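Each chain, letter by letter, is given below.
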Amino acid sequence: MNPQKIGVRDRLAYEPINARKQLELPGKARVAVWTIVNVESWSPDIAMPRAVLPPPMGQPLLPDVPNWAWHEYGMRVGFWRILDALKSRNLRATFAVNGEACSVYRPACDAAHEAGWEFMGHGFHQRPMHKVEDQRGAMDETIRAIRAITGKAPRGWESPGLTETADTLDHLQEAGIEYVADWVLDEQPVTLKTRSGPIVSVPYTVDLNDVVVNAVQLQPSDELYRRGKDQFDRLFLDGATSPRVMAISVHPYLSGVPHRIKYLEALYDYILSHDEVVMWTGEEILDWYQTQAAATPK
C-alpha cells in the first residue's frame, strides 16, 4: 500500500515572520549570509539544462557542443576564480554538487573539500526530479559519491532546478537529509513535514541566483552586486528586530567569467565591511536554527 501523499501546502503552516517566536543570532548579529556554489555535470549528448546560444534554424542538434562548452568553461576556469575569491576572504561555501560531478570534476571537488566547504547533494545528474525514475536510488548514489570525498554524508540537498515531485521531501528525509534549499519562501529557516518526520528548509534564493539574474533575465554584469547590496541593506535593517538569512547562489560558468567575477568579489567586500553579520554554511544555519527551536518553546 502506498503511503498517503502530503500536499505542498500541508508541509508547513502559514506563519507570518512578524508573528513567530523570536530567534537570535550569536553576538546579536542581524544577518546570516551563506554562499552556494553549484557544480553540475552536463552531458553533450542530451538536451542541455539551459543554453546560451539558440539552435541553428531553430532545430536542436546533438551533440550540443557550444552550449556544453559554455558550461565546461566554468569547470575548467570559472570555478577556480570563485574558489580564489572565497579563499582570499576566508569564506567557506556550501558546495551543491551533482553526484556524477564528484567523479567527472574530482579535482574541483577535492579543492572544495580542502577549502573546508560543506558538501550538499544536488541530484546525481543535472535533470529535474520529475525525470528521475528512482529518486531514492539517485539520492543514495549522490550521498555515497559525496561521502567518498568528504568521509561523511551530506546534511543538505538542493534539487536540480529546485524541482520536487509530491514525495521528494519524503525520500530525502528517509535518506538522512536534514535540510533542503528548494523552498524559497522565507527569510528564516522553517520546519517542513514529511511522512517520517521533520526536515528543515534553509532560505535559498532565486533573486540572488546568477542563473536567474544572468542566464534568464539577461541582466548586466554588475547586477548581482547591485541587487545583492540592496538585498543585504534591507535584510540588515530588518534584522535589527528579527534576524534574517541571505543566500548568494553562483555557478562557475556564470559568475566565474572575467566580466562578472569582480562584482561578486565587491559584494562580499561590501557585506564584510559590516559588523553584526555571520558568514555561515547551510549546515551552520541548520544547527543554529535547531538549537534555537529546542531552546525556545513555541
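See the structure shown above.
A quick note: this is a predicted structure, and the numbers were derived from the prediction, not measured. Numbering of residues begins from 1 in every chain and follows the order in which that chain's sequence is written. Since the coordinates come from a predicted model, pLDDT governs what is reported: local features require at least 70, and pairs of side-chain atoms require 80 or more to be given and counted, while whole-chain, interface and lining totals use all residues. Based on all heavy atoms of the structure, the side-chain values leave hydrogens and waters out of the count.

Visitor: Please provide a residue-by-residue account of the overall build of the chain, values included.
Guide: A run of DSSP states H or I qualifies as a helix once it reaches four residues; a run of E qualifies as a strand once it reaches two. Both are numbered from the N-terminal end. In terms of helices and strands, the chain carries 10 helices and nine strands. All radius of gyration figures rest on C-alpha atoms, and the globule criterion is 2.2 Å times the number of residues raised to 0.38. On C-alpha atoms alone, the chain measures out to a radius of gyration of 19 Å, which is about the 19 Å that the 2.2 N^0.38 rule sets for 298 residues. Projected onto the principal axes, the alpha-carbon positions of the chain cover approximately 60 × 55 × 40 Å. Expressed as a percentage of the 298 residues in the chain, the buried residues total 52%. Of the roughly 14,000 Å² of accessible surface on the chain, a fraction of 52% belongs to carbon and sulfur atoms. Within this scheme the basic residues Lys and Arg register as positive and the acidic residues Asp and Glu register as negative, but His and the chain ends are omitted. To locate a charge, the coordinates of NZ of Lys, CZ of Arg, CG of Asp or CD of Glu are taken. Computing the positive centroid from 31 side-chain charges and the negative centroid from 39, the chain places the two 2 Å apart. Exposed residues in this analysis have more than 50% of their type's maximum accessible area, buried residues have under 20%, and partly exposed residues fall in between, with area computed by a 1.4 Å probe over protein chains only. Shrake-Rupley sampling with a 1.4 Å probe provides the accessible areas, and residues are treated as covered by the protein chains on show and by no other component.

Visitor: Describe the nonpolar core, with residues and values.
Guide: Nonpolar cores are built from buried Ala, Val, Leu, Ile, Met, Phe, Trp, Tyr and Cys residues. Side-chain atoms within 4.5 Å join them into one set. With 42 residues, the main nonpolar core has Phe79, Phe95, Val97, Trp117, Met246 and Ile248 as its most contacted residues. Whether two residues are in contact is decided by their heavy atoms: any pair within 4.5 Å suffices. The contacts of phenylalanine 79, once residues within four sequence positions are left out, are Val37, Val39, Gly74, Phe95, Ala108, Ala111, Ala112, Trp117 and Pro252.

Visitor: Tell me about the packing of helix α1 (residues 65-87) against helix α9 (residues 261-272), residues and numbers included.
Guide: For every element, the axis is a line fit to its C-alpha atoms; helices are fit only across the contacting stretch, and the angle between N-to-C directions ranges from 0 to 180 degrees. The contact between α1 and α9 brings their axes to 10 Å, and the two run at 20 degrees. Taken together, the axes of α1 and α9 lie roughly parallel to each other. Note that α1 runs across α9; the crossing there is right-handed. Judged by residue contacts, Arg81, Ile82, Ala85 and Leu86 of α1 engage Ile261, Leu264, Glu265 and Tyr268 from α9. Only Asp, Glu, Lys and Arg are considered charged, only Ala, Val, Leu, Ile, Met, Phe, Trp, Tyr, Cys and Pro nonpolar, and every remaining residue, Gly among them, polar. Taken together, the residues of the contact of α1 with α9 break down into six nonpolar, no polar and two charged. Each angle gets one of four labels, with under 35 degrees taken as roughly parallel, over 145 as roughly antiparallel, 65 to 115 as roughly perpendicular, and the rest as oblique. Should the near helix be turned anticlockwise from the far one by less than a right angle, the crossing is termed left-handed; should it be turned clockwise, right-handed.

Visitor: Tell me about the side chain of threonine 281, and name the residues and values.
Guide: Note on placement: threonine 281 falls in the loop between β9 (277-280) and α10 (282-295). We classify threonine 281 as buried; its relative accessible area is 1%. The contacts of threonine 281, once residues within four sequence positions are left out, are Trp34, Arg92, Ala93, Thr94 and Glu118.

Visitor: Provide a residue-level description of the packing of aromatic side chains, including the pertinent values.
Guide: Here the aromatic set is Phe, Tyr and Trp, taking the six-membered ring for Trp, and pairing holds for ring centres within 6.5 Å; pairs whose planes are under 30 degrees apart are stacked, those over 60 apart are edge-to-face, and all others are tilted. Inspection of the entire model under this criterion finds 13 aromatic pairs. An angle of 65 degrees between the planes, with centres 5.3 Å apart, marks the rings of tryptophan 42 and tyrosine 253 as edge-to-face. You can see tryptophan 42 sitting in the loop between β1 (31-39) and α1 and its partner tyrosine 253 sitting in helix α8 (residues 252-255), a full 211 residues away along the chain. Judged on exposure class, the residue tryptophan 42 and its partner tyrosine 253 are both buried. A cation over an aromatic ring shows up here: arginine 30 above the ring of phenylalanine 236, its NZ or CZ 4.3 Å from the ring centre. By definition, being over a ring means that NZ of Lys or CZ of Arg is both within 6 Å of the ring centre and within 35 degrees of the ring normal.

Visitor: Describe the pairing of strand β2 (residues 94-97), listing the residues and the values that go with them.
Guide: Here β2 shows no split at all, with Thr94 and Ala96 on one side and Phe95 and Val97 on the other all buried. Only strands joined by at least two bridges in the DSSP assignment are considered to pair. The pairing of β1 with β2 spans four bridges and is parallel. By the bridge assignment for β2, isoleucine 36 is matched with threonine 94. Whether a crossover is right-handed depends on one test, that the path from the first strand over the helix to the second runs clockwise when the strands point away from the viewer. Of the crossover connections in this fold, the one passing from β1 over α1 to the parallel β2 is right-handed. Across four bridges, β2 lies against strand β3 (residues 118-121) in parallel orientation. Bridge pairing links alanine 96 to methionine 120 in β3.

Visitor: Explain unusual backbone geometry to me, and be specific about the residues and the numbers.
Guide: In this model, leucine 62 is joined to proline 63 through a cis peptide bond whose omega is 0 degrees. Take proline 63: it is sitting in the loop between β1 and α1. One non-glycine residue, asparagine 90, lies in the positive phi region at around 55 degrees. Structurally, asparagine 90 is set in the loop between α1 and β2. Relative accessible area serves as the criterion here: at 71%, asparagine 90 is assigned to the exposed category.

Visitor: Can you lay out the state of the cysteines for me, pointing to particular residues and giving the numbers?
Guide: A pair of cysteine sulfur atoms is labelled a disulfide when the two atoms are within 2.5 Å. As enumerated under the stated definition, the model contains zero disulfides in all. Just so you know, cysteine 102 is unpaired, no disulfide at all, and the nearest cysteine sulfur is the one on cysteine 109, 4.6 Å from it.

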